[in-house]
Amino acid sequence: MSGSRTGRPPVQRRVARPAPRAVRENPFLSLYMRARRAWDRPLTAYYLIFGGSLLIIVLGLVMVYSASQITALQMSLPGSYFFRKQLLAAVIGGVLLLVASRMPVKLHRALAYPILAGAVFLMVLVQVPGIGMSVNGNQNWISLGGSFQIQPSEFGKLALVLWGADLMARKQDRKLLSQWKHMLVPLVPVAFMLLGLIMLGGDMGTAIILTAILFGVLWLAGAPTRLFVGVLSVAVTLGVILIKTSPNRMARLQCIGATEPKSGVADCWQAVHGIYALASGGLFGSGLGASVEKWGQLPEAHTDFIFAVTGEELGLAGTLSVLALFAALGYAGIRVAGRTEDPFVRYAAGGVTTWIIAQAVINIGAVLGLLPIAGVPLPLFSYGGSALLPTMFAIGLLIAFAREDPAARMALSMRQTRFGRKRAGGPVRGPRRWNTMRRRASAARSSGER
């Protein structure tokens with residue numbers, strides 16, 4: 001028997017194994033996962049709506065000041081005239097936004113019928129001689145005294161969203177939307193009444209936005225394809241008739257894709273100079289305030305064609321930033337509408353999102369020469385208090401709906417608890433873990449949030 005000299009059994013030495021190499025993490029995959037976790041948080045839609053709309057409004061104020069100076073001086077007015085009026089409208093709209101964001105959903109539904117009645121009353125007053133006034137050939141304005149005017153058709157968009165959402169929500173609660181008569185009546189007749197009042201003044205651009213809101217609400221209500229196609233066919237037929245019977249609208253169609261002014265009815269001056277402004281901006285633009293087209297070459301530089309001045313002064317980077325902000329706002333609105341179980345919130349959020357995104361697409365498409373010039377402003381960005389006030393109130397609606405999400409409410413309550421004492425006066429507890437909050441939020445969803 002072999003052994004050591006001392007007679008003790010030999011000590012077995014352990015063979016040192018190489019340490020396992022650390023798995024190298026893919027930085028792009030890690031960044032993607034972190035961004036995805038942040039994107040799925042309950043307050044993402046809330047921050048996108050509030051932050052995105054605020055950035056659009058602030059950038060719009062800057063561009064209104066830059067684009068309107070020459071127009072104001074040509075009218076023998078101070079250079080900051082239009083900017084001050086837009087700033088006043090933004091301050092009033094900010095108050096409306098905060099009020100709407102703090103109002104409960106029941107109060108929003110209670111305001112639906114009064115807002116609709118007020119909008120219809122004002123739109124009828126527009127057609128009364130001596131009260132209504134014409135601007136750029138459209139009889140859609142009421143003078144409030146001095147330089148202040150109001151366009152009631154802008155409030156008609158908000159009225160259709162709130163009233164249509166309340167109507168379809170009540171019918172869904174009674175399980176009446178499975179019948180096509182309840183799907184259409186009285187939503188479509190009332191919408192056509194608003195469209196008729198708008199078209200009496202000749203404002204087809206606003207009528208297109210109102211039609212888009214109607215189709216958005218019907219689509220969210222689950223209208224069958226044949227019913228949807230039927231309403232769309234009627235709207236398209238009426239639109240073709242209105243365009244064919246108007247030389248001005250036919251001339252605007254001929255300016256799609258124009259690259260140089262033409263002689264005759266369709267001179268395409270505005271459309272072509274909008275393209276010139278965008279083309280001369282380059283990647284980063286000529287600099288804030290350095291636009292050439294706003295010196296009398298580009299009509300409506302601070303209203304309908306403010307996107308062209310933005311492209312000339314801020315370049316491709318500025319225009320893509322504006323597009324990204326609208327895309328984020330649209331995504332947040334769709335997310336709010338898709339994650340709620342309240343039918344009114346779903347219809348109202350979908351209607352507001354359809355309104356803002358459709359109007360932005362029509363305005364930007366006209367500036368790019370891809371669509372006919374419809375005469376609609378860029379939401380939250382162009383000059384015009386009549387368009388800014390109801391749009392900011394609608395943004396407040398989206399913020400209120402985003403706060404109503406159960407997980408978002410819990411996240412906001414946790415944030416308030418973290419930075420101060422509870423209302424009951426108890427001690428401040430330590431911050432909870434995010435996973436715990438998500439589990440409790442999902443358990444609290446009695447309505448089965450998606």
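Conventions we followed
- Residues numbered from 1 in each chain as written.
- Predicted model: local features only at pLDDT ≥ 70, side-chain atom pairs only at ≥ 80, totals over all residues.
- Heavy atoms only, no water.
- Helix = DSSP H or I, 4+ residues; strand = E, 2+ residues; numbered from the N terminus.
- Buried < 20%, exposed > 50% of the residue type's maximum accessible area, 1.4 Å probe, protein only.
- Disulfide = S-S within 2.5 Å.
- Axes fitted to C-alpha atoms, helices over the stretch in contact; angles between N-to-C directions.
- Parallel < 35°, antiparallel > 145°, perpendicular 65-115°, else oblique.
- Contact = heavy atoms within 4.5 Å.
- Pairing = 2+ DSSP bridges.
- Salt bridge = Lys/Arg side-chain N within 4 Å of Asp/Glu carboxyl O.
- Core = buried A, V, L, I, M, F, W, Y, C linked by side-chain atoms within 4.5 Å.
- Phe/Tyr/Trp six-rings, centres within 6.5 Å; stacked < 30°, edge-to-face > 60°.
- Lys NZ or Arg CZ within 6 Å of the ring centre and 35° of its normal.
- Left-handed = near helix turned anticlockwise from the far one by under 90°.

Caption draft 1: Representation of unusual backbone geometry within the structure. Of note, the bond from V185 into P186 is cis; its omega dihedral lies within 30 degrees of zero at 0°. Structurally, P186 can be placed in the loop between α7 (180-184) and α8 (187-200). Phi is positive for E300, which is not a glycine, with a value near 55°. Structurally, the position occupied by E300 is in the loop between α12 (269-279) and α13 (306-339). E300 sits in the partly exposed class, given a relative accessible area of 30%.

Caption draft 2: Main features of the state of the cysteines. In total, this model carries one disulfide according to the counting rule given. Here C255 engages in a disulfide with C268; their sulfurs sit 2.1 Å apart. Taking the torsion about the S-S bond as the criterion, the C255 to C268 disulfide, at about -90°, is left-handed. One end of the pair, C255, is in the loop between α11 (247-254) and α12; the other, C268, is in the loop between α11 and α12, with 13 residues separating them in the sequence.

Caption draft 3: Just the packing of α8 against helix α9 (residues 204-220), in detail. Packing of α8 against α9 brings their axes to within 9 Å, and their N-to-C directions diverge by 170°. Looking at the two axes, α8 sits roughly antiparallel to α9. For the pair α8 and α9, contact is made by L187, V188, A191, F192, L194, L195, I198 and M199 and by M204, T206, A207, L210, T211, L214, V217 and L218, respectively.

Caption draft 4: Spotlight on the sheet that holds strand β1 (residues 132-135). The strand order β1-β2-β3 describes an open sheet built from three strands, whose pairing is antiparallel. Edge positions in the sheet fall to β1 and β3 (148-150), since each of these pairs with one other strand and no more. Between one strand axis and the next, the sheet turns by 55° as a mean value, whatever way the strands run. As paired strands, strand β2 (residues 138-145) and β3 are joined by three bridges and run antiparallel to one another. Residue G145 lies in a different strand from β3, and its bridge partner there is F148. Along the sheet, helix α5 (residues 112-126) contacts β1 and β2; its crossing angle with β2, the most-contacted strand, is approximately 100°.

Caption draft 5: Broad picture of the pattern of salt bridges. Counted by the stated rule, this structure contains four salt bridges. R109 serves as the salt-bridge partner of D166, at 2.8 Å between the closest nitrogen and oxygen. Taken together, the residues D166 in helix α6 (residues 152-173) and R109 in helix α4 (residues 105-110) connect sequence positions 57 residues apart. By relative accessible area, which is 5% here, D166 ends up buried. Among the residues examined, R109 registers a relative accessible area of 21% and is labelled partly exposed. K294 is the salt-bridge partner of E313, the closest N and O atoms lying 3.2 Å from each other. Taken together, the residues span a long stretch of sequence, with E313 in helix α13 and K294 in the loop between α12 and α13 at a distance of 19 residues. Residue E313 is classed as buried on the basis of its relative accessible area of 0%.

Caption draft 6: Fine view of the nonpolar core. Within the largest apolar cluster, 113 residues are counted, with the highest numbers of intra-cluster contacts made by I49, L187, I395 and F401. Looking at this core, the element that brings in the most residues is helix α14 (residues 343-367), giving 13 residues. The residues contacting F401, other than those within four sequence positions of it, are V105, H108, V336, F344, V345, A348 and A349.

Caption draft 7: Local environment of the packing of aromatic side chains. Taken as a whole, this structure holds six aromatic pairs when the rule is applied. Between F344 and F401, the ring centres sit 6.2 Å apart and the planes meet at 85°, which makes this aromatic pair edge-to-face. With a gap of 57 residues between them, F344 in helix α14 and F401 in helix α15 (residues 385-403) connect regions that are remote in the sequence. The pair formed by F344 and F401 is uniform in burial state, with each residue classed as buried. Put simply, the rings of Y81, F82 and Y383 pair up and form one aromatic cluster. For R346, the ring lying beneath its charged end belongs to Y347, and the centroid distance is 5.4 Å.

Caption draft 8: Representation of the side chain of T206. When you line up the elements, T206 lands in helix α9. Given the relative accessible area of 2%, T206 is considered buried. Once you skip the residues sitting within four places of it in the chain, T206 turns out to touch Q151, S153, E154, K157, I198 and V376.

Caption draft 9: Representation of the packing of α6 against α14 in the model. Contact geometry of α6 with α14 gives a least axis separation of 8 Å together with a crossing angle of 150°. Compared by their axis directions, α6 and α14 come out roughly antiparallel. Relative to α14, α6 is oriented so that their crossing is right-handed. From α6, K157, L158, V161, L162, A165, D166, M168, A169, Q172 and D173 reach across to α14, where they touch P343, F344, R346, Y347, A348, G351, V352, W355 and Q359.

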